[in-house]
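Observations on chain architecture
Listed below are the residues making up each chain.
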Amino acid sequence: MSLWTTVRSRRIYTISAFGLVIIAVAALIGVIYTPHDPLALNVDSRLAAPSWSHWFGTDQFGRDILSRMLIGAGVSLRVSLMTVALALSMGLILGALAGYFGGILDYIISGVVDAFLALPGILLALALIAVFGVGEMGVVVALGIAYTPNVARVVRGSVLSLRPLGYIEAARLLGHPHLFIIIRHIIPNVVGPLTVLASTFFAQALLSESALSFLGLGVPPPHPSWGGILAEGRVFMEDAPWLSIFPGLAIAFSLLCINLCGDALRDYFDPRNSDQ
Amino acid sequence: MIYVLKRLLASIPTLLIVSIFVFVLLRLVPGDPAALMIGDTGSSADLDRVRAEMGLNEPLPVQYAIWLGKVVQGDLGTSFMTQEPVLSALLNRFAVTLQVVLIAFVIAAMIAIPAGVLAGRLQNSRIDMAIVFTATLFLSLPSFWVGMLLILVFGTQLGWLPTLGFVPITDSVSEWFAHIIIPVMSLVCVEMAILTRLVRASTIEVMRQDYVTYARAKGVSETRIVLQHILKNALSPTVTMLGLILGSLLSGTAVIETIFGLPGLGRFLVDAIYARDYPVIQGTLLFIVVIYTLVNLAVDLIYPLLDPRVRRS
């Protein structure tokens, strides 16, 4: 069964996949075109309610919320994607080394990985941000490092279960170098669990990025991010509820689509646990 | 008893590695660690004293040993935001966080366990799909946004509840309740979602077991199968996850506490990061890791009581 068939098998998966495409397109549109300048101050239209010229209203500086949210979509997706890419590559390397070579190397890597698993992800991220400072790259590095131990553990587990299999041994007897065996024979087999894990971390990274930006520890103002717009709008919640509603809806909608697509991936890669 | 000791010993390397990380973290900050430790307010005499205390003229491993020795004795330094000892400040903050988290957790479990078992038993039915979708929906709502909306509705629009601050239960029970109810509800939304999905998954797993089929074949009533066979066995894997959830919940309340002005642990850490209050940052990190390790240890110890199969091995 192909991935496409799994996505098509349930209407809810199809809708969520379509939703993700919409978010990605919105982020792309934000890069090329925004209805208004997302950073331009306009004193004449402060805290304006949603209207034809400002679909989602304006904030306390008269900046157009829709424009800011389009840019924010790009920021959120970029940060989340880079975080997942960083965590996957570091976790893949560490997990493969530990699982493939075993011995003292495994002992050290697993020890450190287990210790870091005792630190909740967002906490580790906060600690790293405390040292390396705020900003888009700060969030990526902090969250990326925070999710790495989980990836490393999953990869190590998969590699350990693959090692004793005949074809790995055969490859070694043929004299293939370790790196070749890892890339050619090991990695393709961990793609399934990793993809499922990646979808989970993608959602978590998006949520954490908006939470950190909300706390003022993520993407710094005046640059728009969904969490940041929410935080700025908090003070004006009573007079301008649209500042608190639209960015929150965007975060929730994105997370819902990612989580549902994650369920679809789980059904596809792990049919034993699927609901069919 | 030996099992308990073994488990306790097993958590020591973890704590040591984390302590090295926390120690090194502070050394990675550009600048003089002693100047960082006393903040902007200290004099040059303070600086010399702290330099000597931290052993900054010694090699790095010696500095670590000095620091660890103090930490083990409960000396986490002094906060330069509040000038109080970090440990006692942490304990005060922790008490607030614990109240909110535990209440939210109990409420979430009371909703999630019946919902999860029901969904699992009626797998692929309309009811199951509705429950799973609701859980996924709630999972996708950022708790801070839910908190903001609840403030908007119950605080500012209806004016029923205060929107900010915390009142200790010893001062006034009704005021305490009014202040924590919205933060608790925001946490319940997310926790409920995670738990429901977990309970559902373990229920489905248990339902496939032969003993359930056997019990049904024997003519045991459905209610008894659910209560005695399914619920009991589905809950034990969930308990292991409870430890993880509770641990991350304890630290993940930072945003909630900031929105609602609750003087809890998470907000303490965030404030310390803003203020570059390094003794507090170090102390909070260590404290949460110790709590987290203890919670997971407790889970490991409770687990064999629930599942005799683990006890034997």
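Quantities reported herein were computed from a predicted structural model and do not represent experimental measurements.

1. Concerning the overall build of chain B
Regarding its fold elements, chain B presents 14 helices and zero strands. In chain B, which comprises 313 residues, the proportion classed as buried is 37%. Here the analysis covers contacts within chain B between residues at least 6 apart in sequence; of these, 69% occur between residues at least 24 apart.

2. Let's talk about the overall build of chain A
A tally of helices and strands in chain A yields ten helices and zero strands. Its helices and strands in sequence order give chain A the pattern α-α-α-α-α-α-α-α-α-α, from N to C terminus. Counting all 276 residues of chain A, 49% fall into the buried class. Nonlocal contacts in chain A, meaning residues at least 24 apart in sequence, comprise 67% of its contacts between residues at least 6 apart.

3. Quick word on the packing of helix H4 (residues 103–117) of chain A against helix H6 (residues 136–162) of chain A
Two measures define how a pair of helices packs: the angle their axes make with one another and the distance between the axes. Residue and element names in this part refer to chain A. The geometry of H4 relative to H6 is characterised by a closest axis approach of 9 Å and an angle of 135 degrees between their N-to-C directions. If you check the angle between H4 and H6, you find them oblique. H4 and H6 meet at a crossing whose hand is left-handed. Contact residues: Ile 109, Ser 110, Val 113, Phe 116 and Leu 117 in H4; Pro 149, Asn 150, Ala 152, Arg 153 and Arg 156 in H6. Class assignment of the residues belonging to the contact of H4 with H6 gives a composition of six nonpolar, two polar and two charged.

4. Section: the confidence of the model for chain B
Here chain B averages 82 in pLDDT, and 93% of its residues register 70 or above. Scored as a complex, the prediction yields pTM 0.86 and ipTM 0.82.

5. Describing the environment of Thr 200 of chain A
Looking at the element boundaries, Thr 200 of chain A is found in helix H8 (residues 178–214). In this structure, the C-alpha to C-alpha distance between Thr 200 of chain A and Val 84 of chain A, residues 116 residues apart in sequence, is 9.5 Å.

6. Quick notes on the packing of H4 of chain A against helix H1 (residues 2–28) of chain B
Direction vectors running N to C along H4 of chain A and H1 of chain B enclose 80 degrees, while the axes themselves pass 8 Å from each other. Looking at the two axes, H4 of chain A sits roughly perpendicular to H1 of chain B. Of H1 of chain B, the residues touching H4 of chain A (which contributes Gly 111, Val 112, Asp 114 and Ala 115 of chain A) are Pro 13, Thr 14, Ile 17 and Val 18 of chain B.

7. A short note on the interface of chain A and chain B
The interface of chain A with chain B comprises 35 residues on the first partner and 37 residues on the second. Looking at the side of chain A that touches chain B, the elements that each hand over two or more residues are H4, helix H5 (121–132), H8 and helix H10 (242–269) of chain A. Looking at which element gives the most residues to the side of chain A that touches chain B, the answer is H10 of chain A, with eight residues. In terms of residue class, the side of chain A that touches chain B is built from 26 nonpolar, five polar and four charged.

8. What to know about unusual backbone geometry
With phi around 70 degrees, Asn 124 of chain B is a residue other than glycine that occupies positive phi space. Considering the arrangement of structural elements, one finds Asn 124 of chain B in the loop between helix H5 (86–121) and helix H6 (126–139).

9. As for the nonpolar core
Across soluble globular proteins, nonpolar side chains show a tendency to be buried alongside one another. The biggest cluster of nonpolar side chains holds 153 residues, and the ones touching the most others in it are Met 69, Leu 124, Ala 125 and Leu 126 of chain A together with Leu 269, Ile 273 and Ile 281 of chain B. Here this core takes 18 residues from helix H3 (residues 65–101) of chain A, the largest share from any one element. Discounting chain neighbours no more than four positions away, the residues touching Ala 125 of chain A are Ala 142, Leu 143, Ala 146 and Ser 208 of chain A.

10. Remarks on H3 of chain A
Residue and element names in this part refer to chain A. Taking 1.5 Å per residue as the helical rise, H3 with its 37 residues ought to reach 54 Å, and the 53 Å between its terminal C-alpha atoms agrees with that figure. Extensive coverage of H3 is indicated by the burial of 27 of its 37 residues. Backbone geometry just downstream of H3 places Gly 102 in the positive-phi region, at approximately 65 degrees.

11. Regarding helix H12 (residues 265–275) of chain B
Residues and elements named next belong to chain B. Across the eleven residues that make up H12, a large majority, eight, are buried. Every buried residue of H12 is listed here: Leu 265, Gly 266, Arg 267, Phe 268, Leu 269, Val 270, Ala 272 and Ile 273. Phi turns positive, to about 50 degrees, at Arg 276, one or two residues after H12.

Rules behind the numbers
- Residues numbered from 1 in each chain as written.
- Chains lettered and ligands numbered in written order.
- Predicted model: local features only at pLDDT ≥ 70, side-chain atom pairs only at ≥ 80, totals over all residues.
- Helix = DSSP H or I, 4+ residues; strand = E, 2+ residues; numbered from the N terminus.
- Buried ≥ 20, exposed ≤ 12 C-beta atoms within 10 Å, placed from the backbone.
- Contact = placed C-beta atoms within 7 Å.
- Axes fitted to C-alpha atoms, helices over the stretch in contact; angles between N-to-C directions.
- Parallel < 35°, antiparallel > 145°, perpendicular 65-115°, else oblique.
- Left-handed = near helix turned anticlockwise from the far one by under 90°.
- Nonpolar A, V, L, I, M, F, W, Y, C, P; charged D, E, K, R; others polar.
- pLDDT = per-residue confidence, 0-100.
- Core = buried A, V, L, I, M, F, W, Y, C linked by C-beta atoms within 7 Å.
- Expected span 1.5 Å × (residues − 1).

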